[in-house]
Amino acid sequence: MAKSGLASRLYRGEAGLDIIGRRKVWFSVALALVLLSALSFGLRGFSLGIEFAGGNSFQIPASVGTLEQTEVKVQEALAAAGDDAKVVTTQKVGGTGGEFYEVRTTQLDTEQANAVKTEIADEFGIDAASISGNQVSEAWGSQVTSRALLGLVIFIAVVMIYLILRFEWRMAVAAVTSLVMNLILTAGIYSLVGFEVTPSTVIGFLTILGFALYDVVVVFDKVQENTRGITANNNQTYGEAANLAINQSLMRSLNTSVVALLPVGGLLFIGAGLLGAGTLKDLGLVLFVGMAVAFLTSILLATPLLVLLKNYEPRIQAHNKRVLARRGAVARGEVTPKGAAPRTDDSDDAPVDPESAALAGAAPRVGARPAGKRPTGARGGRPAGGGGNRPGGGKRR
């Protein structure tokens, strides 16, 4: 019979991927990524939108030309307003009044904003009244940030309480650590690539927390099922049972992530990329990156961290030692595995596994007479008639 492929074995939970056994590798990679993200936070920082950094926005009718031409004309108009004034972002958006270009610039005072607006109208030969402008203070962005952080703290507190009641505190710690790691790595990617942080980005960050939590709970539910009553037998350690749970739920987590990423990818690449819906870009980016990272952290970080915490529990430590001690005895031939044929030895002192002895009886010594039923009518295994070993074997006269 031909060997089944990896996909088939993944669906059956028989891939045998050693995730828990390589947890030091995953922890090292996670630590390196956290350090890289922290370094990016310190050196590059974030590309903040005008909602957080403050600035001005001008909405120009799309009929004036292409997006690139509009950006160049606005930058020329800003040059007259001051050396520090520059274009931050430019995107094409649509509204009830038709399509227009939204150009966001650095902070301008009222006089500079009016002068730039007039200059832009002259450059394109349109009425200044057709160009709308808005000014955003960074105080509004600070308020959004503080409320988002408050919402994050409340979310994590509620998640901790739920996971402690649903599972246990160690699973709660591992799950929350995975969620925090998800946020750090997603923010690190934003910082490294230079994605603009807007209120939509903040909403996206809070959204991916729910998806990441769902993925972790799915895996932990299977771990709890596999490890329930694990100390009652000596067949596998806690880490092995957890690793089996990962293999059994891996395809489900992968399918869930792929199904979730497809519409988000359509939102990002088709909506923002091909159709030019710039307002979808910020939300699509954070959702796509965050969901992909959430799948990896739930598999490679949350469960290995749970096993690390459980291995410090005295009950699990004692159980793991019993399992390893029994395997060592089996490897040395001192114990016969349960269900295997009883071990024979030339020595009368050969040890016998009590479990095997209980199932199959005491192990017979080499050369011993089989303990079977004697033939009917036989006495001591001799032929009937009392002839015994005497020659002639007949009746005595």
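Residues numbered from 1 in each chain as written. Predicted model: local features only at pLDDT ≥ 70, side-chain atom pairs only at ≥ 80, totals over all residues. Heavy atoms only, no water.

## Description of the layout of surface pockets
The condition that has to hold: A cavity, in this analysis, means grid points on a 1 Å lattice covering only the protein atoms where a 1.4 Å probe fits yet has no way out; a pocket is instead an open set bounded by protein on both sides within 12 Å along at least five of seven lines, and a residue lines either one if it has an atom within 4 Å of a point. Grid points are joined across faces, edges and corners, and a volume is the space filled by probe spheres set on the points. Runs of H or I in DSSP of at least four residues are treated as helices and runs of E of at least two as strands, each being numbered from the N terminus. Only Asp, Glu, Lys and Arg are considered charged, only Ala, Val, Leu, Ile, Met, Phe, Trp, Tyr, Cys and Pro nonpolar, and every remaining residue, Gly among them, polar.
Its boundaries defined by the atoms lining it, the largest pocket holds a volume of some 470 Å³. If you go around the largest pocket, you meet 17 residues; those closest to its centre are Thr145, Ala148, Leu149, Val202 and Phe205. Breaking the lining of the largest pocket down by element, the ones donating at least two residues are helix H6 (138-166), helix H7 (169-193) and helix H8 (199-227). Tallied by class, residues from the lining of the largest pocket come to 16 nonpolar, one polar and no charged.

## Structural notes on a nonpolar patch on the surface
To be explicit about the condition: Like-charged residues are merged into a patch within 9 Å and nonpolar side chains (Val, Leu, Ile, Met, Phe, Trp, Tyr) within 5 Å, provided each residue has over 30% relative accessible area and no salt bridge. Reported accessibility uses the Shrake-Rupley method at a 1.4 Å probe radius. Residues are deemed covered only where the shown protein chains occlude them. Salt-bridge detection follows one rule: a side-chain nitrogen of Lys or Arg within 4 Å of a carboxyl oxygen of Asp or Glu.
Taken together, the side chains of Val25, Val29, Leu33, Leu36, Leu39, Leu43, Ile189, Leu192 and Val193 make up a nonpolar region of the molecular surface, amounting to roughly 770 Å² of accessible area. At the level of elements, helix H2 (23-43) and H7 are the ones that each hand at least two residues to the nonpolar patch. Among the elements that line the nonpolar patch, the one with the most residues is H2, at six residues. Considering the arrangement of structural elements, one finds leucine 39 in helix H2.

## What about H8?
In an α-helix, one turn spans 3.6 residues, which is why side chains three or four residues apart end up on the same side. Our working definition: In this scheme, a helix's expected span is set at 1.5 Å multiplied by one less than its residue total.
In this model, H8 (29 residues) spans 43 Å end to end at C-alpha, consistent with the 42 Å of a helix rising 1.5 Å per residue. Phi for glycine 229, located one or two positions after H8, is positive at around 70°.

## So, the pairing of strand E4 (residues 98-105)
Counted only if it meets this: Think of it in three bands: residues with accessible area under 20% of the maximum for their type are buried, residues over 50% are exposed, and the middle band is partly exposed, with areas taken using a 1.4 Å probe on protein chains only. Two strands form a pair only when DSSP identifies at least two bridges running between them.
Taking burial as the measure, the eight residues of E4 include six buried ones, the bulk of the element. Bridge analysis of strand E2 (residues 55-61) against E4 gives six bridges, and the strand direction is antiparallel. Paired with asparagine 56 across the bridge in E4 is threonine 105.

## Focus on the side chain of asparagine 247
Selection rule: As used in this structure description, the phrase polar contact means that two N or O atoms lie within 3.5 Å; if the pair is within protein, one of them must be able to donate a hydrogen and the other to accept it, and residues adjacent in sequence are counted only when both atoms belong to side chains.
Here asparagine 247 is to be found in helix H9 (residues 238-274). Overall, the relative accessible area of 3% leaves asparagine 247 in the buried class. Of note is the side chain of asparagine 247, whose polar atom sits 2.8 Å from the backbone nitrogen of leucine 17. From its side chain, asparagine 247 meets the backbone oxygen of asparagine 243 in a polar contact 2.8 Å long.

## Looking at the pattern of salt bridges
Considering all chains together, one arrives at 10 salt bridges under this definition. Close ionic contact of lysine 310 with glutamate 313 constitutes a salt bridge, the shortest N to O distance being 2.8 Å. On the basis of relative accessible area, glutamate 313 is assigned to the buried category, the value being 13%.

## Considering the confidence of the model for the protein
Heads up, the rule is: Per-residue confidence from the predictor is reported as pLDDT, a score between 0 and 100. Two residues form a contact once any of their heavy atoms are found within 4.5 Å.
The predicted model of the protein has a mean per-residue pLDDT of 77, with 76% of residues at 70 or higher. The least confident element of the protein, judged by mean pLDDT, is helix H12 (residues 354-360) at 38; the most confident is H2 at 93. Within the model, the stretch residues 345-397 combines pLDDT values under 50 with 28 contacts to residues more than four positions away or in other chains.

## A look at the nonpolar core
Selection rule: Among buried residues, the Ala, Val, Leu, Ile, Met, Phe, Trp, Tyr and Cys ones that are joined through side-chain atoms within 4.5 Å form a nonpolar core.
Of all hydrophobic cores here, the largest spans 53 residues; its most connected members are Leu163, Met171, Phe220, Val223, Tyr238 and Leu306. Going through the elements one at a time, H6, H7, H8, H9 and helix H10 (281-310) are the ones with two or more residues in this core. If you tally residues by element for this core, the top one is H8, at 12 residues. Each residue touching leucine 163, except ones within four places of it in the same chain, is listed here: Glu168, Met171, Ala172, Ala175, Leu213 and Val217.

## Regarding empty space enclosed by the protein
Within the structure shown, the criterion is met by one cavity of 30 Å³ or more. Along its surface, the largest cavity is lined by Thr89, Thr90, Gln91, Arg104, Glu196, Lys281 and Asp282. Counting only elements with at least two residues in the lining of the largest cavity, the list comes to strand E3 (87-95) and H10. Considering every element that reaches the lining of the largest cavity, the biggest residue donor is E3, with three residues.

## Focus: the pairing of E2
Residues in a regular strand project their side chains so that they alternate between the two faces of the sheet. Here E2 lies mainly inside the structure; five of its seven residues are buried. Two elements, E2 and strand E5 (residues 132-136), share five bridges in a ladder whose sense is antiparallel. Of the residues in E5, the one forming a bridge with glutamine 59 is serine 132.

## With respect to the side chain of serine 40
By the secondary structure assignment, serine 40 is in helix H2. Residue contacts for serine 40: discarding those within four places in its chain leaves Gly45, Gly188, Ser191 and Leu192.

## Observations concerning the environment of alanine 292
Note that alanine 292 resides in helix H10. Among the residues examined, alanine 292 registers a relative accessible area of 29% and is labelled partly exposed. In the structure, alanine 292 is positioned 32 residues away from alanine 260 in sequence and 9.5 Å away in space, judged by C-alpha atoms.

## Looking at the environment of valine 264
Within the secondary structure, valine 264 sits in helix H9. Judged by relative accessible area, which is 9%, valine 264 ranks as buried. Sequence separation between valine 264 and leucine 283 is 19 residues, and the spatial gap between their C-alpha atoms is 9.1 Å. Aside from chain neighbours lying at most four places away, what touches valine 264 is Gly284, Leu287, Phe288 and Met291.

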